[in-house]
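# Chain and residue survey
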Amino acid sequence: MAIVAILAPSRAVGDDVVSSLLATSGQRYDRPATKDSTIMRSTVSCTNCTNNNCYECTLGHDQKLVANTGGLAFVQALIGFKMPVSGSSVSSCTIQIPAFTTPLQYPITVQFFTAASSNWNEDTITANNAPAPGALINSVDVPAYNNLAASDITAA
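Residues numbered from 1 in each chain as written. Predicted model: local features only at pLDDT ≥ 70, side-chain atom pairs only at ≥ 80, totals over all residues. Heavy atoms only, no water.

### Things to note about the sheet that holds strand β4 (residues 28-32)
Here 4 strands make up an open sheet; going across it, the order is β4-β3-β8-β11 and the pairing antiparallel. Edge positions in the sheet fall to β4 and β11 (151-152), since each has one partner strand and no second. In this sheet, β11 lies alongside strand β8 (residues 90-96) in antiparallel orientation, the contact comprising 2 bridges. Bridge assignment links Thr94 to a residue of β11, and that residue is Asp152. (Pairing = 2+ DSSP bridges. Helix = DSSP H or I, 4+ residues; strand = E, 2+ residues; numbered from the N terminus.)

### With respect to the state of the cysteines
Scanning the entire structure with this criterion turns up 2 disulfides. Two residues, Cys46 and Cys54, share a disulfide whose sulfurs are 1.6 Å apart. Looking down the S-S bond of the Cys46 and Cys54 bridge, the torsion is 90 degrees, so its handedness is right-handed. Judged by its relative accessible area of 1%, Cys54 falls in the buried class. Each bonded cysteine in the protein gets a number by its place in the sequence, and the pairs come out as 1-3, 2-4. (Disulfide = S-S within 2.5 Å. Buried < 20%, exposed > 50% of the residue type's maximum accessible area, 1.4 Å probe, protein only.)

### Focus on the packing of aromatic side chains
Counted according to the given criterion, the structure contains 0 aromatic pairs. Directly above the ring of Trp120 sits Lys35, whose terminal nitrogen or CZ lies 4.4 Å from the centroid. (Phe/Tyr/Trp six-rings, centres within 6.5 Å; stacked < 30°, edge-to-face > 60°. Lys NZ or Arg CZ within 6 Å of the ring centre and 35° of its normal.)

Structure (C-alpha cells):
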C-alpha cells in the first residue's frame, strides 16, 4: 500500500511514519513505513538535482519529508507500507506522521490519497516517474501550533 500526503502550506516532518492496523480478527499491528520520498514538482531551478530540474530530484533517502501546494511548487510526500494482512481483513487503519520540524504559524490542511501504484523505490523515484495520486482517503485540518494526530486511512 502506498499513500500520497499533501500538506498546504509547505511543512517538513521527520520520516518515522507509522501505520496502526486493526484486523477483523482483533489483532493489532503497528508497522513503520517501508519507504518514503518527497516528490518535487517545481518550475524553479533545483540546484541539487540532476540538470537543475526539480522533476529529476531523487529525495527518497532524505531525513525529512516535505509536502506543499501553492506558489511555484507542487510537492508531495509518498509513503509506502507492507501490510501484514489482506485489505479485506482490515477493520481500521491509521497513519501517524511525526511532528513538524518547525511550529505551524497558521492552520493547514493535510490530504491523504491512495497512490496509483506501490511499485517504486527510494533510489529512483522522481516527479517524472512517481505514481499519480488516486482517490482522496481523508482530509484533516491541523490548527496553528499543533501537530497532526493519527489520521484514519482505512479506506486505502
